Amino acid sequence: MCCFLVFFLGMEKLVNCPYKRPNALCRLICFPWAAGGTSQFAQWGKLFSSSIEVSSIRLPGRESRLKEPFAKDMTTVVNEITSVLLKELQEKPFAFFGHSFGSYISFAVALHLKEKYGLEPIHLFVSGAHAPNSEAFLPIKSIPICDAEDEDVLRHIQILGGTPSELLQNEDIKKHLILTFREDLRVLQTFSFEKAESNIHFSCDITCFNGTEDKPHDLEAWHDLTSGDISFYKLPGGHFYLLEPSNEIFLTKHITRCIENAGL
């Protein structure tokens, strides 16, 4: 009973899944962007067919975990997600979707699952991010986040978009958003992946999404990370193209088709 309670509390804390589908054939687990919460992806649950259960990962320092200290590195993030989700991931096929910062977390979790447990997603959907083995990813690791002024961080958040301007009018919300963005970037800077150092090779298909107005991302390097198929899609909009209802419909339909065609 005690173990079950610990597991249940861990799930409730980490995972937001308002549309539970215990009979679904596959779980789609979504990983939000830097400083992001779970509400956007959690609502995807009502857009998918009954064959797919959608959940979103909630990191410490936000939403119901507001009072918890932020994670200090990628290893901590990966270990928590894996320890809480492992049993469920062993029971049923799963796919990952990550946007921006969330793409890197989803990849790090998938890599850990493959290395340690021989598990991998049936499909990896990544959005608004470089391939983690790309040289284009390296400059992210050298951004001087500790020295950056709050106004510079805020300006970067505003350039990326995705945050309603009315939220930024609230000083407390703005301050916490800047802090959360800093801490998430700090986590990202602790992540390193060198293909040469790892013989881990995925076999799942990977789909890469990007906004047409977003900065270009190096996606070709994903070819080196899997023996599965790679596909690329550009949808109208900037870094947060996925918040546009028409793009959201395209994403959910395409993801559904990929999962249902995986021969579950």
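If you're wondering where the values come from, they're calculated on a predicted model, not measured in any experiment.

1. So, the pattern of salt bridges
(1) Moving on: All chains considered together, the criterion is met by 13 salt bridges.
(2) Moving on: For E88, the salt bridge identified is with R27, shortest N-O distance 3.3 Å. Of the two residues, E88 is situated in helix 3 (residues 74-91) and R27 in strand 2 (residues 26-31); the sequence distance between them amounts to 61 residues. R27 shares its class with E88; the two are buried.
(3) Moving on: The closest approach of N and O atoms between E63 and R58, which form a salt bridge, is 3.0 Å.
(4) Moving on: Residue classification places R58 among the buried residues on the basis of a relative accessible area of 9%.
(5) Moving on: Connected through shared salt-bridge partners, K13, R65, E68 and E80 make up one network.

2. As for the packing of aromatic side chains
(1) Moving on: Summed over the entire model, instances satisfying the criterion amount to 17 aromatic pairs.
(2) Moving on: With 4.8 Å between their ring centres and 45 degrees between their planes, Y104 and F137 make a pair best called tilted. With Y104 in helix 4 (residues 101-117) and F137 in the loop between strand 5 (123-127) and helix 5 (150-160), this pair connects stretches of sequence that are 33 residues apart. Each member of the pair, Y104 as well as F137, carries the same accessibility label: buried.
(3) Moving on: Every member of this aromatic cluster is reached through a ring pair, and the members are W33, F41, W44, F48, F97, F125, F209, Y233, F240 and F250.

3. Structural notes on the nonpolar core
(1) Moving on: Core analysis: the largest hydrophobic core is formed by 59 residues, its most contacted members being I57, I81, L85, F96, I105, F107 and W222.
(2) Moving on: With nine residues, helix 4 is the single largest residue contributor to this core.
(3) Moving on: If near-sequence neighbours (up to four positions away) are discounted, L85 is found in contact with M11, L14, V15, I29 and I57.
(4) Moving on: Counting 21 residues, the second largest nonpolar core, distinct from the first, contains C30, W33, V54 and F240.

4. Observations concerning unusual backbone geometry
(1) Moving on: With a phi angle near 50 degrees, E63 is a residue other than glycine that sits in the positive phi range.
(2) Moving on: Mapping E63 onto the fold places it in the loop between strand 3 (52-57) and helix 3.
(3) Moving on: Residues other than glycine seldom take positive phi values, yet S100 does so here, at roughly 55 degrees.
(4) Moving on: Tracing the chain through its elements places S100 in the loop between strand 4 (94-99) and helix 4.

Criteria and cut-off values
Residues numbered from 1 in each chain as written. Predicted model: local features only at pLDDT ≥ 70, side-chain atom pairs only at ≥ 80, totals over all residues. Heavy atoms only, no water. Salt bridge = Lys/Arg side-chain N within 4 Å of Asp/Glu carboxyl O. Helix = DSSP H or I, 4+ residues; strand = E, 2+ residues; numbered from the N terminus. Buried < 20%, exposed > 50% of the residue type's maximum accessible area, 1.4 Å probe, protein only. Phe/Tyr/Trp six-rings, centres within 6.5 Å; stacked < 30°, edge-to-face > 60°. Core = buried A, V, L, I, M, F, W, Y, C linked by side-chain atoms within 4.5 Å. Contact = heavy atoms within 4.5 Å.

These figures come from the coordinates and say nothing about function on their own.
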